[in-house]
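Here is what each chain is made of, one letter per residue.
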Amino acid sequence: MIAAPAVQIKRVERSKLADINLENLPFGKYFTDHMLEVDYDKGKWGTVQIKPYQPLMLEPSLAAIHYGQSIFEGIKAYRLHNGEIAIFRPHSNFQRFNISAERMAMPVVPEEIFIDGMRELINLDRNWVPAKADHSLYIRPFMFASDEVIGVKPSERYKFMIILSPTGPYYTAPMRIYVEEKYVRAVAGGVGYAKAAGNYGGAMLATAEAKRKGYDQVLWTDAHEHKYVQEIGVMNVFFVIGNTAYTPDLGQGTILAGVTRDSAITILREMGLSVEETAISIDRIMDAYKTGDLREVFGTGTAATISYIRELRYKDFVMEFNTDSWKTAPELKNRLNAIREGETEDKHSWLFKI
Ligand code: COI
């Protein structure tokens, strides 16, 4: 085991917390007093620095800006009912972060930096963790190439950082979704399974066009036939057909292995549903809708938690759902929230206390 690197801490002189109402927060707009920063150079990680949240000084030649070696994670910490603070499954995000790093030819970040550093940072800003329902401290670890040279090659220097944002819900209402057939998010052999910044940038035009048509997000389909569904916007997707929940399998490497997706699969099984991770065609979804067997459609994600879909449009065919009558997604959401807020037993050891 590598010894935990020394952490240098420089505290703010005055906390900004007094200026912020933790009861009514938009998603991702406010940031806590401190941030974590550590540089990688010559094959080694340097000293972990926790310092006042502040702008970065970067050269215009910064490699990440030009060629996109940039990855991130999204994690949440909650204030439990007894006042303690817990991070939800950070080790799963830690593993996924390093899978993304490997795919983008970036160095892996050691657990002592990612997990221990995150814990130290949250501990310092612990008063920023909201207690209100549907609120949390959103944790954003990220890493980018920091070489200052414009040749195309994996960078030799990187910066890993963590910032924290006290936050409310990402989506507030059930969503209308447009099934995308023109643009694609991911192909087998590509970077769809990595949490690479470019995946999000590449998705924005399709989303903007769907918004112009009155939809909230797109349902991505496969690149070859536009027949098999992948993800909804920035979320994994589930379809409840009869007593089975279906979600696209991870086999092609086109889908992000969501931590909320994995938690949902576990909880849905505990609720007595079968869960199948498999290829799901849009034709199958339409057939199930026509026979009345398609009961619920919802997205899962760290930011979005469980988000209901009230309309799916494929070509001229519109599938509408009365989300008020749903049973499965609301119960899944309640059970997940109860674990995250420390109301029920954490039997899977998903909570990592600060
Ligand atoms: C998350 O769910 O944490 C995400 O990363 C999605 C989005 C906010 C980019």
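What you are looking at is a predicted structure, and each value in this text was computed from that prediction instead of being measured.

## Observations regarding the domain arrangement of the chain
Here's step 1: Parsing the chain into structural domains produces domain 1 (7–169) and domain 2 (175–340).
Here's step 2: The straight-line distance from the C-alpha centre of domain 1 to that of domain 2 is 27 Å.
Here's step 3: The interface is formed by 21 residues belonging to domain 1 together with 21 residues belonging to domain 2.
Here's step 4: Contact between domain 1 and domain 2 buries roughly 1800 Å² in total, counting both sides, with carbon and sulfur atoms accounting for 60%.
Here's step 5: The interface formed by domain 1 and domain 2 contains 1 salt bridge.
Here's step 6: With its nearest N and O atoms 3.0 Å apart, the salt bridge here joins D262 to R89.
Here's step 7: The interface formed by domain 1 and domain 2 includes 12 residue pairs in polar contact (both at pLDDT 80 or more).
Here's step 8: Put simply, the parts of the chain that give the side of domain 1 that touches domain 2 at least two residues each are β5 (70–72), β6 (75–79) and α2 (90–103).
Here's step 9: With 6 residues, the single largest contributor to the side of domain 1 that touches domain 2 is α2.
Here's step 10: For the side of domain 1 that touches domain 2, a count of residues per class yields 10 nonpolar, 5 polar and 6 charged.

## Comments concerning a nonpolar patch on the surface
Here's step 1: There is a patch of nonpolar side chains on the surface, built from Y67, I150 and V152 and spanning about 330 Å² of accessible area.
Here's step 2: Tracing the sequence through the fold places Y67 in helix α1 (residues 63–67).

## A short note on the nonpolar core
Here's step 1: Membership of the largest hydrophobic core comes to 51 residues, with the highest contact counts inside it found for F114, I122, I139, M143 and F160.
Here's step 2: Taken together, domain 1 (7–169) and domain 2 (175–340) each give at least three residues to this core, which thus spans both.
Here's step 3: With near-sequence residues (within four places) excluded, M143 lies in contact with W45, Q69, S70, I71, F97, A101, M106, P107, V109, Y158, K159 and F160.

## What to know about the packing of aromatic side chains
Working definition: an aromatic ring pair is given by the centre-to-centre distance plus the angle between the planes.
Here's step 1: Applying the stated criterion across every chain yields a total of 20 aromatic pairs.
Here's step 2: Between Y170 and Y171 the ring centres are 4.7 Å apart and the planes differ by 75 degrees, which places this aromatic pair in the edge-to-face class.
Here's step 3: Y170 gets classed as partly exposed once you look at its relative accessible area, which sits at 34%.
Here's step 4: Taking the centre distance of 5.7 Å and the plane angle of 80 degrees together, the rings of Y289 and F321 count as edge-to-face. In this pair, Y289 sits in helix α7 (residues 282–290) while F321 sits in the loop between β18 (317–320) and α8 (328–340), placing the two residues 32 residues apart along the sequence.
Here's step 5: With a relative accessible area of 24%, Y289 lands in the partly exposed category.
Here's step 6: Counting every residue linked through ring pairs, the aromatic cluster contains Y40, W45, F94, F97, F114, Y158 and F160.
Here's step 7: Residue placement shows K290 over the ring face of F317; its charged tip is 5.2 Å from the ring centre.

## Considering α2
Here's step 1: Taking 1.5 Å of rise per residue, the 14 residues of α2 would be expected to cover 20 Å, and the 20 Å separating its terminal C-alpha atoms lies within 8% of that figure.
Here's step 2: Residues of α2 that are buried: P90, N93, F94, R96, F97, N98, S100 and A101.

## As for the site of the ligand
Here's step 1: Neighbouring the ligand are F72, G74, Y138, R140, Y170, K195, Y200, V234, T302 and A303.
Here's step 2: Interatomic distance of 2.8 Å between a side-chain N/O atom of K195 and an oxygen atom of the ligand.
Here's step 3: For the ligand, an oxygen atom lies 2.8 Å from a polar atom in the backbone of A303.
Here's step 4: For the ligand, the accessible surface in isolation is 280 Å², of which the surrounding protein chains cover 91%.
Here's step 5: Along the lines of polarity and charge, the residues of the shell around the ligand split into 6 nonpolar, 2 polar and 2 charged.
Here's step 6: Built from parts of two domains, the shell around the ligand gets at least three residues from each of domain 1 (7–169) and domain 2 (175–340).

## Regarding the packing of helix α6 (residues 259–270) against α8
Here's step 1: Viewed as axis vectors pointing N to C, α6 and α8 meet at an angle of 110 degrees, and their least axial separation amounts to 10 Å. Relative to α8, the element α6 lies roughly perpendicular. For the pair α6 and α8, the crossing hand works out as right-handed. Each of T260, S263, A264, I267, L268 and E270 in α6 lies in contact with α8, whose residues at this interface are T328, L332, R335, L336 and I339.
Here's step 2: Taken together, the residues of the contact of α6 with α8 break down into 6 nonpolar, 3 polar and 2 charged.

## Quick word on unusual backbone geometry
Here's step 1: Located in the positive-phi region is K315, a residue other than glycine, with phi close to 50 degrees.
Here's step 2: Mapped onto the secondary structure, K315 falls in the loop between β17 (305–314) and β18.
Here's step 3: Although it is not a glycine, S349 adopts a positive phi angle of roughly 55 degrees.
Here's step 4: Structurally, S349 is set in the loop between α8 and β19 (351–353).
Here's step 5: Among the residues examined, S349 registers a relative accessible area of 59% and is labelled exposed.

Rules behind the numbers
Residues numbered from 1 in each chain as written. Predicted model: local features only at pLDDT ≥ 70, side-chain atom pairs only at ≥ 80, totals over all residues. Heavy atoms only, no water. Domains from an automatic or database assignment. Contact = heavy atoms within 4.5 Å. Buried area = accessible area lost by both parts, 1.4 Å probe. Salt bridge = Lys/Arg side-chain N within 4 Å of Asp/Glu carboxyl O. Polar contact = N/O pair within 3.5 Å; in protein donor to acceptor, adjacent residues only side chain to side chain. Helix = DSSP H or I, 4+ residues; strand = E, 2+ residues; numbered from the N terminus. Nonpolar A, V, L, I, M, F, W, Y, C, P; charged D, E, K, R; others polar. Patch = residues over 30% accessible without salt bridge, like charges linked within 9 Å, V, L, I, M, F, W, Y side chains within 5 Å. Areas by Shrake-Rupley, 256 points an atom, 1.4 Å probe, with all protein chains shown as cover. Core = buried A, V, L, I, M, F, W, Y, C linked by side-chain atoms within 4.5 Å. Buried < 20%, exposed > 50% of the residue type's maximum accessible area, 1.4 Å probe, protein only. Phe/Tyr/Trp six-rings, centres within 6.5 Å; stacked < 30°, edge-to-face > 60°. Lys NZ or Arg CZ within 6 Å of the ring centre and 35° of its normal. Expected span 1.5 Å × (residues − 1). Near = heavy atom within 4 Å. Axes fitted to C-alpha atoms, helices over the stretch in contact; angles between N-to-C directions. Parallel < 35°, antiparallel > 145°, perpendicular 65-115°, else oblique. Left-handed = near helix turned anticlockwise from the far one by under 90°.

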